Amino acid sequence: MARPVTLFTGQWADLTLETLAQKVSAMGYDGLELACWGDHFEVDKALSDDSYIRSRKDILEKYNLKCFAISTHLVGQCVADSLIDERHKSILPPRLWGDGDPEGVRQRCAQEVAATAEAAKLMGVSVVNGFTGSPIWHMIYRFPPTSDEMIDAGYREFGDRWNPILDAFDKAGIRYALEAHPSEIAYDVPTAQKTLAALNNRPTFGFNFDPSHFVHQLFDPVYFIESFPDRIFHVHVKDSKVRLNGRTSILGSHLQFGDPRRGWDFVSPGRGDVDLESIIRILNRIGYNGPLS
């Protein structure tokens, strides 16, 4: 079962789309998953400039590449995070950060993600990948004492913030794929189930499956696919490696990625603990025919 193999452009936002497309085509990729930052895919320009979408397509066609998804991870993160601070400022354009008032940031980012549905439609793709943020991630350890009511209220807030956005996706006929991930509202099977329940299981919302965020949490990514076979809208091929040595923690020890003292870290596909063969087999079983990005 052949699937297109694409590259997510987010890590190369310092390169122009033209430069990156030339390199990626030479490497033999089938297409690009365009990040909505850098100059790769700018939502405001897509909706305000009639020639912008054509310019993106012209570059892809020049290098015989296709686009199956666009991704708004950075803006999506700011929609529902409880804490909005300088970290968020570092990932947003000034027009969305504005004066930095947290609720203003959330509202502007919500409007931007909703607009991304229409931009995706113009681009001719059916899936937008991204993050959602979380009103409750800071409560993960359950201390200071955290009640079930506080967690439930966080999921209700998430639903209140994201259901209007998904209305725009319904209208445009586009699906939103959350990359389940620590710091998001969903990061494993139980939290993903609660997330879907908070959205009344609306079919517009599913997942960008990325096993690199699961193995370092010490659960099998295959079970995530088994749990949500009809919600796997897109797939990332990424990997991470657990390096617990009796002195380090799975929590990362407040050390930057790449620090050898960490208890786990991201690595190149095939160099970590992700069982790619088992994942491909279950993707075959559920009939996933989309790209491997």
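Preceding this section is the structure that the text describes.
Cut-off values and rules
Residues numbered from 1 in each chain as written. Predicted model: local features only at pLDDT ≥ 70, side-chain atom pairs only at ≥ 80, totals over all residues. Heavy atoms only, no water. Pairing = 2+ DSSP bridges. Helix = DSSP H or I, 4+ residues; strand = E, 2+ residues; numbered from the N terminus. Right-handed = clockwise from strand over helix to strand, strands pointing away. Axes fitted to C-alpha atoms, helices over the stretch in contact; angles between N-to-C directions. Parallel < 35°, antiparallel > 145°, perpendicular 65-115°, else oblique. Left-handed = near helix turned anticlockwise from the far one by under 90°. Contact = heavy atoms within 4.5 Å. Nonpolar A, V, L, I, M, F, W, Y, C, P; charged D, E, K, R; others polar. Phe/Tyr/Trp six-rings, centres within 6.5 Å; stacked < 30°, edge-to-face > 60°. Buried < 20%, exposed > 50% of the residue type's maximum accessible area, 1.4 Å probe, protein only. Lys NZ or Arg CZ within 6 Å of the ring centre and 35° of its normal. Arc of directions from axis to C-beta. Core = buried A, V, L, I, M, F, W, Y, C linked by side-chain atoms within 4.5 Å.

**Q** Go over the pairing of strand β5 (residues 175-178) with me, naming the residues and quoting the values.
**A** A regular strand places its side chains so that they alternate between the two faces of the sheet. Pairing of strand β4 (residues 127-130) with β5, which is carried by 4 bridges, proceeds in the parallel orientation. Across the sheet, G130 pairs through a bridge with L178, a residue of β5. At this point the chain moves from β4, through helix α8 (residues 148-172), to the parallel β5, and the crossover so formed is right-handed. The pairing of β5 with strand β6 (residues 205-209) spans 3 bridges and is classified as parallel. Bridge assignment links L178 to a residue of β6, and that residue is F207. For the crossover from β5 across helix α9 (residues 189-198) to β6, the handedness is right-handed.

**Q** Break down the packing of helix α3 (residues 52-62) against helix α7 (residues 102-123) for me, with residues and values.
**A** Where α3 contacts α7, the two axes come as close as 10 Å, and the packing angle between them is 50°. Here α3 lies oblique to α7, going by the angle between them. Helix-helix and strand crossings are classified by hand; for α3 and α7 the assignment is right-handed. Residues I53, R56, K57 and L60 of α3 form the contact with α7, whose own contacting residues are A119, L122 and M123. Looking at the contact of α3 with α7 residue by residue, the classes come out as 5 nonpolar, no polar and 2 charged.

**Q** So what about the packing of aromatic side chains? Which residues, and what values?
**A** Tallied over the full model, the rule gives 19 aromatic pairs. Ring plane angle 35° and centroid distance 4.8 Å describe the contact between F214 and F219, whose orientation is recorded as tilted. Judged by its relative accessible area of 0%, F214 is buried. On the numbers, 5.0 Å between centres and 85° between planes, the contact of W264 with F266 is edge-to-face. Look at W264 and you get buried, because its relative accessible area is 7%. Cluster of aromatic residues (ring-pair linked, three or more members): F158, W162, F169, Y176, F205, F207, F209, F214, F219, F224 and F228. The ring of F233 carries R175 above its face, with NZ or CZ at 4.1 Å from the centroid. Here the basic side chain of R262 rests over the ring of W264, its NZ or CZ set 4.8 Å away from the ring centre.

**Q** Before we move on, can you summarise α9 with the specific residues and values?
**A** Within the sequence span of α9, burial applies to V189, T191, A192, T195 and L196. All buried residues of α9 fall inside an arc of 160° around its axis, so they share one side. Next to the buried residues of α9 lie α8, β6 and α10 (221-227). Taken from the residues just after α9, N200 is the one with a positive phi, measuring 55°.

**Q** Please give an account of unusual backbone geometry that cites residues and values.
**A** In this chain, F143 is followed by P144 through a cis amide linkage whose omega measures 0°. Notably, N64 is not glycine yet its phi reads approximately 60°, a positive angle. Its location among the elements puts N64 in the loop between α3 and β3 (66-71). Phi is positive for S253, close to 60°, though the residue is something other than glycine. By the secondary structure assignment, S253 is in the loop between β8 (239-242) and β9 (264-267). The class for S253 is partly exposed, based on a relative accessible area of 35%.

**Q** Explain the packing of helix α1 (residues 17-27) against α3 to me, and be specific about the residues and the numbers.
**A** Helices that pack against each other are described as a pair by the angle of their axes relative to one another and the distance between those axes. Contact geometry for α1 and α3: axes closest at 9 Å, N-to-C directions at 25°. Comparing the axis directions of α1 and α3 gives the class roughly parallel. Considering the relative orientation of α1 and α3, their crossing is right-handed. Together, L17, E18 and A21 of α1 and R56, I59 and K62 of α3 make up the contact between the two elements. Of the residues assigned to the contact of α1 with α3, the class counts are 3 nonpolar, no polar and 3 charged.

**Q** So, the nonpolar core: which residues are in play, and what are the values?
**A** The biggest cluster of nonpolar side chains holds 75 residues, and the ones touching the most others in it are L32, F41, I70, W162, F205, F207 and F224. Discounting residues that sit within four places of it in the chain, I70 has contacts with L34, C36, F41, T116, A120, V125, V127, V128 and N129.

**Q** Break down the side chain of T204 for me, with residues and values.
**A** Within the secondary structure, T204 sits in the loop between α9 and β6. In this structure T204 touches L166, F169, D170, I174, R175, Y176 and F233, once residues within four positions along its chain are discounted.

That's the geometry; what it means functionally is another story.
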